[in-house]
Amino acid sequence: MALPPQKPAFTLLPAVDVAEGRAVRLVQGAAGTETDYGDPVAAARGWVEQGAPWIHLVDLDAAFGRGDNRSVIHRVVEAVGADVHVEIAGGIRDDAALDAALATGASRAVIGTAAMENPDWVRSAIDRHGDRLAVSLDVRGHTLAARGWTSEGGDLFETISRLDSDGCARYIVTDVDKDGMMHGPNLHLLKKVCDHTDRPVIASGGIARLEDLHKLADLVTHGIEGAIIGRALYENAFTLAEAVAAIEPRFDLFFWGPPQP
């Protein structure tokens, strides 16, 4: 008996950004634009209850170099349980920070600034951890943004070519000017990135409507693997349950990726 055709994967990742122990959202990644959304553990549990297979968890204080929220991050990973995957981002620029992120039980760590400032270390980290690492490419035009989006970090496509040759498993691509603005994702940028690499790409920034998710899902054949959703969920533009219901008929939402340790 023939098996039914397997649906392609498209993963929804609600974001939990943590600053000073609280769940917050920024506008265009700028410090001082925080809106407080309460307890990060409660936020993550809420997304899990609505069907989230992954959580995108960001330590903003570590990203800005003004401290860290490691104890809170650890509590969030512990609270969502082993059946939900977590990727941790923010300030992962050396072995100590990377080891601490993965030691929480997170499935994936996300490297950002270090990919531009310390490529030798990133190459070594990729060699050691493979698919448990992703690289975040935060972009203004074709120029990368680093240090919590406060400085320039080089050309986007030159960096992708280097990281491809280093064995990078996947990319998270954010148009900084779209992030938190609720104006829709930069589909043109995402297509150009997908044309430049054969690695899967997770889209981030600007998602405001369910229609935006459908447009991103149409790019799965180009290489888009999923979408990080932030402000739209916190501002109740739509619920995660509605997003799941909109996408699930076409895709396997529960593409778990690497197993947790």
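Structural data are supplied above this passage.
By convention here, each chain's residues receive numbers from 1 onward along its written sequence. With the structure being a predicted model, the display of local features is reserved for residues of pLDDT at least 70 and the display and counting of side-chain atom pairs for 80 or more, all residues being used for whole-chain, interface and lining totals. The side-chain values count all of the structure's non-hydrogen atoms but skip hydrogen atoms and water molecules.

**With respect to the overall build of the protein chain**
Numbering goes from the N terminus for both helices and strands, where a helix is a DSSP run of H or I of at least four residues and a strand is a run of E of at least two. For the protein chain, the helix and strand inventory stands at 11 helices and 12 strands. Burial classes follow relative accessibility: with a 1.4 Å probe on protein chains only, a residue under 20% of its type's maximum area counts as buried, one over 50% as exposed, and anything between as partly exposed. A burial count over the protein chain gives 55% of its 261 residues as buried. Throughout, a contact is declared for two residues whenever any of their heavy atoms are within 4.5 Å. Pairs at least 24 residues apart make up 71% of the contacts formed inside the protein chain by residues separated by at least 6 positions. Carbon and sulfur atoms make up 50% of the accessible area of the protein chain, which totals about 10,900 Å². For the accessible areas, the method is Shrake-Rupley and the probe is 1.4 Å, while residue cover comes only from the protein chains on display.

**Notes on the nonpolar core**
Among buried residues, those of type Ala, Val, Leu, Ile, Met, Phe, Trp, Tyr and Cys that are joined through side-chain atoms within 4.5 Å constitute a nonpolar core. Among the nonpolar cores identified, the biggest contains 70 residues, and Phe 10, Val 16 and Leu 57 are the most heavily contacted of them. Residue contributions to this core peak at five residues, all from helix α3 (residues 70-80). Contact partners of Leu 57, with chain neighbours within four places excluded, come to Val 16, Val 18, Ile 73, Val 76, Val 77, Val 86, Glu 87, Ile 88 and Ala 89. If you look at the next biggest cluster of nonpolar residues, it comprises 14 residues, including Ala 19, Trp 54, Val 58 and Val 110.

**Topic: the pairing of strand β11 (residues 201-204)**
Side-chain alternation along β11 places Val 201 and Ala 203 on one buried face and Ile 202 and Ser 204 on a second face that is also buried. Paired strands, as defined in this entry, are two strands with at least two bridges between them according to DSSP. The pairing of strand β10 (residues 171-175) with β11 spans four bridges and is classified as parallel. Each residue of the ladder has a partner; that of Ile 172, found in β11, is Ile 202. Summarising the sheet, β11 and strand β12 (residues 224-229) pair through four bridges and their orientation is parallel. By the bridge assignment for β12, Ala 203 is matched with Ala 227. Handedness of the crossover joining β11 and β12 through helix α9 (residues 210-217) is recorded here as right-handed. With the strands aimed away from the viewer, a crossover counts as right-handed if its path from the first strand over the helix to the second runs clockwise.

**Re the layout of surface pockets**
Here a cavity is any set of points on a 1 Å grid over the protein atoms alone where a 1.4 Å probe fits but cannot get out, and a pocket is any open set with protein on both sides within 12 Å along at least 5 of 7 lines; a residue lines the site when it has an atom within 4 Å of a point. Grid points are joined across faces, edges and corners, and a volume is the space filled by probe spheres set on the points. Estimated volume of the largest pocket: approximately 230 Å³. Along the walls of the largest pocket sit 16 residues, with Asp 59, Ala 62, Arg 70, Gly 90 and Ala 97 positioned nearest its centre. Elements with a contribution of two residues or more to the lining of the largest pocket: α3, β5 (85-89) and α4 (95-103). Ranked by the residues each element gives to the lining of the largest pocket, the list is headed by α4, at three residues. Residue polarity follows a fixed list, in which Ala, Val, Leu, Ile, Met, Phe, Trp, Tyr, Cys and Pro are nonpolar, Asp, Glu, Lys and Arg are charged, and the others, Gly among them, are polar. Looking at side-chain class alone, the lining of the largest pocket contains eight nonpolar, four polar and four charged residues.

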